[in-house]
Amino acid sequence: MCGRFTLSFKEKQLLADKLGIPVEELDELDLPRFNIAPTDKHVIVRLQREDHHAAIAKWGLVNTWAKDAKRAAAQINARAETLQKTPAFRDAFAKRRCVVPADGYYEWTGPKENRQPVWYHRGDGGLMFFAGLYESWHTTQDTWQRTFTIITTDANDITAPIHNRMPVILPEEAVDEWL
């Protein structure tokens, strides 16, 4: 995944209903969004006491033990194959899983000087649930910031002609099991 995705829902209530959360949890989110980029804020959904809970987080995982956010842009994605081995993701994989709601993602094709985006999305315009991990870290002594990464895997037959990786997209019925 090259680092851009979309959430083009216009109505927060519709999105909240699909995520199983109160609409107030989306107050900080501007909709629609057609170009969500690394280090942008976005909504993630996690479990809190068996209930779905939305939180706003910055895209690009910054570990709790990090002294600064310099590696955030380098940790926008986490390879599914190495989650349990990589120190940056191992603890979050075990304890801090989330889903990242989206309705599409971009990959680029063509020569470097004339790249064109290809938007991958559901034919029915429905929501996708990317598997993710999140962390919270101290930006200052009194301030916490939540960050997240999107887990990637080998591309399927649809994405493979353009790019060799893609986000792990969870079927709706697998969301709670992932969380």
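Every value quoted in this text rests on a predicted model; they were computed, and no experiment measured them. (Residues numbered from 1 in each chain as written. Predicted model: local features only at pLDDT ≥ 70, side-chain atom pairs only at ≥ 80, totals over all residues. Heavy atoms only, no water.)

A word on the overall build of the protein chain
In step 1: Scanning the protein chain from terminus to terminus reveals three helices and 12 strands.
In step 2: Relative to a compact globule of 179 residues, whose C-alpha radius of gyration would be 16 Å, the protein chain shows 16 Å and is just as compact.
In step 3: If you line up the protein chain on its principal axes, its C-alpha atoms span 45 × 35 × 30 Å.
In step 4: Counting the 179 residues in the protein chain, one finds 45% classified as buried.
In step 5: Sequence-distant contacts, at least 24 apart, represent 60% of the contacts inside the protein chain between residues at least 6 apart.
In step 6: Surface summary for the protein chain: the accessible area is close to 9,700 Å², and the carbon and sulfur share equals 48%.
In step 7: Side-chain charges in the protein chain split into 23 positive and 25 negative, and the spacing between the mean points of these groups amounts to 9 Å. (Helix = DSSP H or I, 4+ residues; strand = E, 2+ residues; numbered from the N terminus. Rg over C-alpha atoms; globule rule 2.2 N^0.38 Å. Buried < 20%, exposed > 50% of the residue type's maximum accessible area, 1.4 Å probe, protein only. Contact = heavy atoms within 4.5 Å. Areas by Shrake-Rupley, 256 points an atom, 1.4 Å probe, with all protein chains shown as cover. Lys, Arg positive; Asp, Glu negative; His and termini not counted. Charge placed at Lys NZ, Arg CZ, Asp CG, Glu CD.)

Details of the pairing of strand S6 (residues 97–102)
In step 1: Of all the six residues making up S6, five are buried; the element is thus mostly covered by neighbouring parts of the structure.
In step 2: As paired strands, S6 and strand S9 (residues 128–140) are joined by six bridges and run antiparallel to one another. Its bridge partner lying in S9, Ala102 is registered against Met128. (Pairing = 2+ DSSP bridges.)

Re the environment of Gly132
In step 1: Considering the arrangement of structural elements, one finds Gly132 in strand S9.
In step 2: Counting along the chain gives 124 residues from Gly132 to Ser8, while the straight-line C-alpha distance between them is 19 Å.
In step 3: In this view, Gly132 contacts Arg96, Arg97, Cys98, Thr149, Ile150, Ile151 and Trp178; residues no more than four positions away in its chain are not counted.

Some details on unusual backbone geometry
In step 1: Cis peptide bonds are those with omega within 30 degrees of zero, and the linkage from Leu31 to Pro32 qualifies with -10°.
In step 2: Turning to its location among the elements, Pro32 is positioned in the loop between helix H1 (12–19) and strand S2 (33–36).
In step 3: Positive phi outside glycine occurs at Thr39, with the angle close to 75°.
In step 4: Inspection of the secondary structure assignment puts Thr39 in the loop between S2 and strand S3 (41–48).

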